[in-house]
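Residue-level listing of the chains:
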Amino acid sequence: MRTALVYHEDMMATRLLWDDPECEIECPERLTTALGRLQQRGLEQRCLRLTAREASETELGLVHSPEYVALLRGTQALSTEELQALSGQFDAVYFHPSTFHCARLAAGAGLQLVDAVLTGAVHNGLALVRPPGHHSQRAAANGFCMFNNVAIAAKHAQQEHGLHRILIVDWDIHHGQGIQYIFEDDPSVLYFSWHRYEHGRFWPYLPESDADAVGQGRGRGFTVNLPWNQVGMGNADYVAAFLHVLLPLAFEGQMQATPECFAHLTQLLQVLAGGRVCAMLEGGYHLESLSESVCMTVQALLGDPAPPLPGPMVPVHSALESIRSVRAAHAPHWMSLQQQDSAPVLSPSTCSPEGRASPPLPGGPEFKAAAAQATVALSPLLDQLHLCPTPPVRTAVALTPLDTALVLPPDVLHQEASSPKEETQAWARLHKALAKDEAVTALGEILCLLDGILDGQVSSGLAATPAPAAAAAVDVATRHGLSRGAQRLLCVAVGQLDRPSDLADDGRTLWLSIRGKEAAALSMFHVSMPLPGTIGGFLNFALALVLPLAYGFQPDVVLLALGPAHGLWDSQAALLAALLRVPAGGRVLALLVEESTPQLAGVLARVLHGEAPPSLGPFCVASPGDKQALMHLRRQLESQWKMLQVAAPA
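All values derive from a computational prediction rather than experimental measurement.

## Some details on the pairing of strand E15 (residues 557-562)
In terms of residue burial, E15 counts as a mostly covered element, since six of its six residues are buried. Burial of E15 is two-sided: the residues Val557, Leu559 and Ala561 facing one way and the residues Val558, Leu560 and Leu562 facing the other way are all buried. Considered for its hand, the β-α-β crossover made up of E15, helix H18 (residues 570-581) and strand E16 (residues 588-593) is right-handed.

## Section: the nonpolar core
In terms of nonpolar packing, the biggest core is built from 167 residues, with Leu128, Leu462 and Tyr551 touching the most fellow members. If you tally residues by element for this core, the top one is helix H17 (residues 535-553), at 14 residues. Excluding anything up to four places from it in sequence, Tyr551 contacts Val239, Leu243, His264, Leu268, Leu309, Met313, Val582, Pro583 and Met643. Counting residues in hydrophobic clusters, the runner-up holds 27 residues, among them Leu450, Ala473, Leu482 and Ala486.

## Considerations on the pattern of salt bridges
In the structure shown here, the tally under the stated rule is 18 salt bridges. When the shortest N-O distance is used, the salt bridge between Arg196 and Glu198 registers 3.3 Å. Because the salt bridges share partners, they merge into one network encompassing Arg37, Arg41, Glu288 and Glu292.

## What about the sheet that holds strand E12 (residues 509-514)?
Taken in spatial order, the nine strands make up an open sheet running E9-E8-E10-E16-E15-E11-E12-E14-E13, and their pairing is mixed. Looking at strand neighbours, the two that pair on one side only are strand E9 (413-414) and strand E13 (520-523), the edges of this open sheet. Its contacts with the sheet put helix H15 (residues 437-454) on strand E8 (393-398), strand E10 (458-465), E15 and E16, and the angle it makes with E10 is roughly 170°. Sheet strands touched by helix H19 (residues 598-608): E8, E10, E15 and E16. Its angle to E10, the strand with the most contacts, is close to 165°.

## Here we look at the pairing of strand E1 (residues 3-7)
Counting buried residues along E1, five of its five residues qualify, which places the element largely inside the surrounding structure. Of the two faces of E1, the one holding Thr3, Leu5 and Tyr7 and the one holding Ala4 and Val6 are both buried throughout. Strand direction decides the pairing type here: E1 and strand E3 (residues 124-127), joined by four bridges, are parallel. Paired with Val6 across the bridge in E3 is Ala127.

## Notes on the sheet that holds strand E5 (residues 189-196)
Strand order in the open sheet made by the three strands is E4-E5-E6, with parallel pairing throughout. A strand with exactly one partner marks an edge of an open sheet, and here the two such strands are strand E4 (166-170) and strand E6 (223-228). Between one strand axis and the next, the sheet turns by 10° as a mean value, whatever way the strands run. Bridging between E4 and E5 involves five bridges; their strand directions are parallel. Along E5, the bridge assignment pairs Val169 with Phe192.

## Thoughts on the packing of aromatic side chains
By the definition in use, this model includes 15 aromatic pairs. The interplanar angle of 65° and the centroid separation of 5.3 Å between the aromatic rings of Phe222 and Trp334 together place this pair among those described as edge-to-face. Residue classification places Trp334 among the buried residues on the basis of a relative accessible area of 3%. Ring plane angle 85° and centroid distance 5.7 Å describe the contact between Phe525 and Trp641, whose orientation is recorded as edge-to-face. Taken together, the residues span a long stretch of sequence, with Phe525 in the loop between E13 and strand E14 (526-529) and Trp641 in the segment after helix H20 (624-637) at a distance of 116 residues. Side by side, Phe525 and Trp641 carry an identical accessibility label, which is buried. Ring-pair connections join several aromatic residues into one group, and the members of that group are Trp171, Phe192, Trp194, Trp228, Tyr238, Phe242 and Phe262.

## Some words on helix H16 (residues 470-483)
An ideal rise of 1.5 Å per residue puts 20 Å on 14 residues; H16 measures up with 20 Å between its terminal C-alpha atoms. Of all 14 residues in H16, eleven are buried; the element is thus mostly enclosed. Burial in H16 covers these residues: Ala470, Ala472, Ala473, Val474, Asp475, Val476, Ala477, Thr478, His480, Gly481 and Leu482. Count one or two residues on from H16 and you reach Gly485, which has phi positive near 105°.

## Concerning the packing of helix H1 (residues 29-40) against helix H10 (residues 287-302)
At a minimum axis separation of 8 Å, H1 and H10 run at an interaxial angle of 50°. Relative to H10, the element H1 lies oblique. As for the relative orientation of H1 and H10, their crossing is right-handed in sense. Here Glu29, Arg30, Thr33, Ala34, Arg37 and Leu38 of H1 lie close against H10, whose contacting residues are Leu287, Glu288, Leu290, Ser291, Glu292, Val294, Cys295 and Val298. Taken together, the residues that form the contact of H1 with H10 break down as seven nonpolar, two polar and five charged.

## Looking at the confidence of the model for the protein chain
Summarising the model, the protein chain shows a mean pLDDT of 90, and 90% of its residues fall at 70 or more. Confidence over residues 342-388 falls short of pLDDT 50; this stretch has 69 contacts with residues more than four positions distant or in other chains.

## Points about the side chain of Ser523
Summarising the element assignment, Ser523 is placed in strand E13. Within the local environment of Ser523, its side chain forms a polar contact with the backbone nitrogen of Phe525, the two atoms lying 3.1 Å apart. Setting aside residues up to four positions removed in sequence, Ser523 forms contacts with Asp505 and Leu637.

## Concerning the environment of Ser136
In this fold, Ser136 is placed in the loop between E3 and helix H6 (149-161). Considering only alpha carbons, one finds Ser136 and Leu249, 113 residues apart in sequence, at a separation of 26 Å. In this view, Ser136 contacts His64, Tyr68, Asn142, Cys145, Met146, Phe147, Asn148, Gly178 and Ile182; residues no more than four positions away in its chain are not counted. Within the local environment of Ser136, its side chain forms a polar contact with the backbone oxygen of Met146, the two atoms lying 2.6 Å apart.

## Here we look at the packing of helix H8 (residues 235-252) against helix H9 (residues 259-269)
The contact between H8 and H9 brings their axes to 10 Å, and the two run at 15°. With respect to H9, the element H8 is oriented roughly parallel. Where H8 crosses over H9, the two elements pack in a sense that is right-handed. Facing Asn235, Tyr238, Val239, Phe242, Leu243, Leu246 and Leu247 of H8, the residues of H9 in contact are Cys261, Leu265, Leu268 and Leu269. Per-class residue counts for the contact of H8 with H9 are ten nonpolar, one polar and no charged.

## Remarks on H9
By the criterion of burial, H9 is predominantly enclosed, with eleven of the eleven residues buried. Turning to H9, its buried residues number three or more, namely Pro259, Glu260, Cys261, Phe262, Ala263, His264, Leu265, Thr266, Gln267, Leu268 and Leu269.

Calculation notes
Residues numbered from 1 in each chain as written. Predicted model: local features only at pLDDT ≥ 70, side-chain atom pairs only at ≥ 80, totals over all residues. Heavy atoms only, no water. Buried < 20%, exposed > 50% of the residue type's maximum accessible area, 1.4 Å probe, protein only. Helix = DSSP H or I, 4+ residues; strand = E, 2+ residues; numbered from the N terminus. Right-handed = clockwise from strand over helix to strand, strands pointing away. Core = buried A, V, L, I, M, F, W, Y, C linked by side-chain atoms within 4.5 Å. Contact = heavy atoms within 4.5 Å. Salt bridge = Lys/Arg side-chain N within 4 Å of Asp/Glu carboxyl O. Pairing = 2+ DSSP bridges. Axes fitted to C-alpha atoms, helices over the stretch in contact; angles between N-to-C directions. Phe/Tyr/Trp six-rings, centres within 6.5 Å; stacked < 30°, edge-to-face > 60°. Expected span 1.5 Å × (residues − 1). Parallel < 35°, antiparallel > 145°, perpendicular 65-115°, else oblique. Left-handed = near helix turned anticlockwise from the far one by under 90°. Nonpolar A, V, L, I, M, F, W, Y, C, P; charged D, E, K, R; others polar. pLDDT = per-residue confidence, 0-100. Polar contact = N/O pair within 3.5 Å; in protein donor to acceptor, adjacent residues only side chain to side chain.

Encoded structure:
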């Protein structure tokens, strides 16, 4: 899997030439610091480095008017005084003699990245650019943005590569109103933005940044704004927004998120569109946090496991209000939101609390004081941030009966080692089903793989066991993992694999059983659910139940066991493994029965190795029975598992 890094040193040329506290934060150090950190971590060396080219004026014209392009071209010959006077005609903008060249490079970098991904030269990539672009409009610079880099890239993908469905995810702290205006009537582009809004009191102070702005004409439902109405939104809030708003829609058609969160969000996006993700730098003005977030994003694009998320996974009340508001606004346009409990409510953004002080203007003295406080608050998080060392082996497989027919990436390890014979036999004596030699041999390989994952020598693994011994092997693997120090073990058991009756319900194990027709929360840590019969039903269960539970539990390791009669299509099993890999930090051991097809084993191994899962096929809605089962389980569990909530408690 190849990841591109698109950059040009000339983009550091533009800088502020006069005193302007509002604009001084958009500086060349934003790029130099981020690039330096990528080099320090050895991440740049692992990418395919592409030198950005200038976008042509014809390409700029995909989005911008000829008069506006000519205006920016003319800035190359202006004096400092003339540049300052022109800058004053726009909101939060400064011009420099190099602005036109730098802005064309920034737009061209996005075009190069799109071309590289869509022609198959690379799988994904990051364009490290400035000036940013998402505030820029057809005929106006805005918010440090000159040309709308992302919008130009999307138009290029439509016209030159024939794309008919494009997802733009904007997780800048400010609303990218420029992108929204450009695509608000275009149903082929789904634009999702979460941003600090503060009931309209945070820049850019626009009513159309609120949840009830859903697009225009044929584009209604394809603009999704999730406004944050208080500061301090954390990892749980951002992950909840992804699970309960963005991912359901994507499959159907002064904030405190830590840098680790960007790795999780990027990997969740990679389950879409065959993993073809083009990331582009927009804002980010706290240099240390920006550089760490860039590193985390590149690591995720490279397929490295995501580091654990610090802090409790409990969304705050204000975040749940925003999530409920946007779900209510979009329920008329999206079937996936109609199939989950989502009662329409008044937008919380329309009723700002009385007496709230207006937020400081960007760049002003109060803004600087707030930024200094944020730096003090953020520094301990950054000091504690240790990139999880990449295990020597990303994926290992022990699939002897299937090995000869497998087609795997060249660096997947075919494991031949086994746990010590005496230890394996001691565990095998717990079950009659493990009495045969072939079952004991398979168990030894499973335990060896699990030890490698828990010791940090292997990130993920895939093993096979004889079908009659499958339930016993899962039981032993669970107990062995706990005995080896796993504090939280998530077991997702699909098919004829019952939870052992004597397994302690002490909070160290979360057992999700997917089989039959029963939907029951037998305890907080033992949940049984039916296997949905449609793609829509499967996605609902995966995104609205399994993944929120996984994030709430924060497992040390995941056992994904596909037992006899599991009933999953290969693509469904692959998606489940890809999703579980994210909250588990890559630490997933998948167990198959030896009768499984080589095709299933191969796709699971590739997904565990970091590749994108295959498409599920055309979307179809969940059946009434699947919908009822999901709602029943969510109502039973959401008081104990806060990541299941999609609305603030009354």
